[in-house]
Amino acid sequence: MAYIIDGKSIAEQIRLEVKSNTEVLISERGIKPGLAVLLVGENAASQVYVRSKEKACLEAGFHSIVLRMPDTVSENEVLNIISTWNNDNAIHGILVQLPLPKHINEMKALLAISPQKDVDGFHPENVGRLVIGLPGFVPCTPAGIVELFKRSKIDLAGKHVVVIGRSNIVGKPIANLLYQKKPYANAVVTICHTGTGDIRKFTKQADVLIAAIGVAHRIGADDVKDGVVVIDVGMNRIADLSTKSGTRLVGDVDYDSVMPKASAITPVPKGVGPMTIAMLLENTYRSAAGEVF
Ligand SMILES: NC(=O)c1ccc[n+]([C@@H]2O[C@H](COP(=O)([O-])OP(=O)(O)OC[C@H]3O[C@@H](n4cnc5c(N)ncnc54)[C@H](OP(=O)(O)O)[C@@H]3O)[C@@H](O)[C@H]2O)c1
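Just so you know, these numbers come straight off a predicted model, no measurement behind them.

Trainee: Where do I start with the overall build of the protein in this structure?
Mentor: Across its full length, the protein carries 10 helices and 11 strands. A compact globule built from 293 residues should have a C-alpha radius of gyration of about 19 Å, and the protein, at 19 Å, falls within 12% of that. Out of the 293 residues in the protein, the part that is buried amounts to 44%. Once local pairs closer than 6 in sequence are excluded, the contacts in the protein between residues at least 24 apart make up 69%.

Below, the structure written as structure tokens:
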């Protein structure tokens, strides 16, 4: 039976550590970590994410700014807001909630964020730093996955890690992190995607399988070998009439069938999901404390 990697309680632990480190940072150096979030438009999921981030910041004792703009805001206004925050010493992290409305170029907005305040780690400078193993901001979900390995004492050295998905926010950064010659990495990494064809050929060889696909229950028991470690990043809503909302959150992995074969597995929910906000807090704290670059 698999060891269940409890992302919820690991994330809570990290949030408590950030809160207590923040108290010390404020009392000893007079620095209060500040996170500024720009939310454009009415996207329901984005509104939920931003509310959670705001609440988490306040709980950690941070200075929190959330600027909500209508989707009629111009690209120039967005760039001006980011520029003001880049020059504000009370702000150590800047986050532009994606997606942006079509008339605003997302890459232009991400490029406008100072790499020194890019706590999402999406700026090409931080992406490049990650790839060549230099210090910098690591995107929150991949950073959270590495933290799950560390705190569960799962050593990846020499292991075959198969990542399914090559998005800029999950697949590419986690693959790049795990082949680095560093502790809790140094793995052999394979990346699968829609061009792979028979992904089972690869998933069956995985000592560690990371699913960041966005397809409910895409990975079943027949896709994995005995003893695999499974990290399920997927967050997919499926119909479930037994719940009040009529839907239920499930991962990319069919948990019930894969769990008995796995040596360790993250559940959905309460696995990778809670780690993302915890690492956003951690990134913002480390930015304020001058620990990133
Ligand atoms: N827990 C969290 O905090 C968190 C954070 C971010 C994302 N997520 C969740 O993680 C999942 C992935 O997110 P994402 O942003 O990385 O998604 P994405 O940008 O849609 O990327 C999905 C990737 O999976 C690949 N893929 C899709 N269907 C496939 C299939 N049938 N076989 C093989 N590969 C396939 C795609 O390949 P191509 O490149 O060839 O299209 C793509 O690279 C989603 O469920 C999302 O909600 C969770």
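Having put the structure on the table, let's press on.
Trainee: Please explain the sheet that holds strand E7 (residues 208-211) as it appears in this structure.
Mentor: The strands that make up a sheet pair up through hydrogen bonds in the backbone, lying either parallel or antiparallel. Spatially, the six strands line up as an open sheet ordered E1-E11-E8-E7-E5-E6, and their pairing is parallel. Single-partner strands in this sheet number two, and they are strand E1 (3-4) and strand E6 (188-192). With two bridges connecting them, E1 and strand E11 (residues 264-265) associate as parallel partners. The residue of E11 that forms the bridge with Tyr 3 is Ala 264.

Trainee: Could you clarify how one ought to interpret unusual backbone geometry in this entry?
Mentor: Trans peptide bonds make up most of the peptide bonds, and negative phi angles are found at most residues other than glycine. In this structure, Pro 99 follows Leu 98 across a cis peptide bond, with omega equal to 5°. Mapped onto the fold, Pro 99 is located in the loop between strand E4 (93-96) and helix H4 (106-112). With an omega dihedral of 0°, the bond running from Val 268 to Pro 269 counts as a cis peptide bond. Within the secondary structure, Pro 269 is located in the loop between E11 and helix H10 (273-288). Not every positive phi belongs to a glycine, and Lys 270 is a case in point at roughly 75°. When you line up the elements, Lys 270 lands in the loop between E11 and H10.

Trainee: Sorry if this is basic, but what is going on with H10 here?
Mentor: Between its first and last C-alpha atoms H10 spans 24 Å; for 16 residues at 1.5 Å apiece the expected length is 22 Å, and the two agree. Most of H10 sits out of view: 16 of its 16 residues are buried. Gly 290 sits one or two positions beyond H10 and adopts a positive phi of about 70°.

Procedures and definitions
All residue numbers refer to positions counted from 1 along the written sequence of the respective chain. Side-chain atom pairs in this predicted model are given and counted only at pLDDT of 80 or more, local residue features only at pLDDT of at least 70, and totals for whole chains, interfaces and linings cover all residues. Strands are runs of DSSP state E lasting at least 2 residues, helices are runs of H or I lasting at least 4, and numbering of each runs from the N terminus. In this treatment the radius of gyration is a C-alpha quantity, and the globule benchmark scales as 2.2 Å times the residue count to the 0.38 power. Every C-beta atom is placed from the backbone, and the number of other C-beta atoms within 10 Å of a residue's own sets its class: buried at 20 or more, exposed at 12 or fewer, partly exposed in between. Any two residues are considered in contact once their C-beta atoms, placed from the backbone, lie within 7 Å. Whether two strands pair depends on DSSP finding at least two bridges between them. Given a helix with a known number of residues, its expected span is that number minus one, times 1.5 Å.

Distances and angles like these do not, on their own, reveal function.
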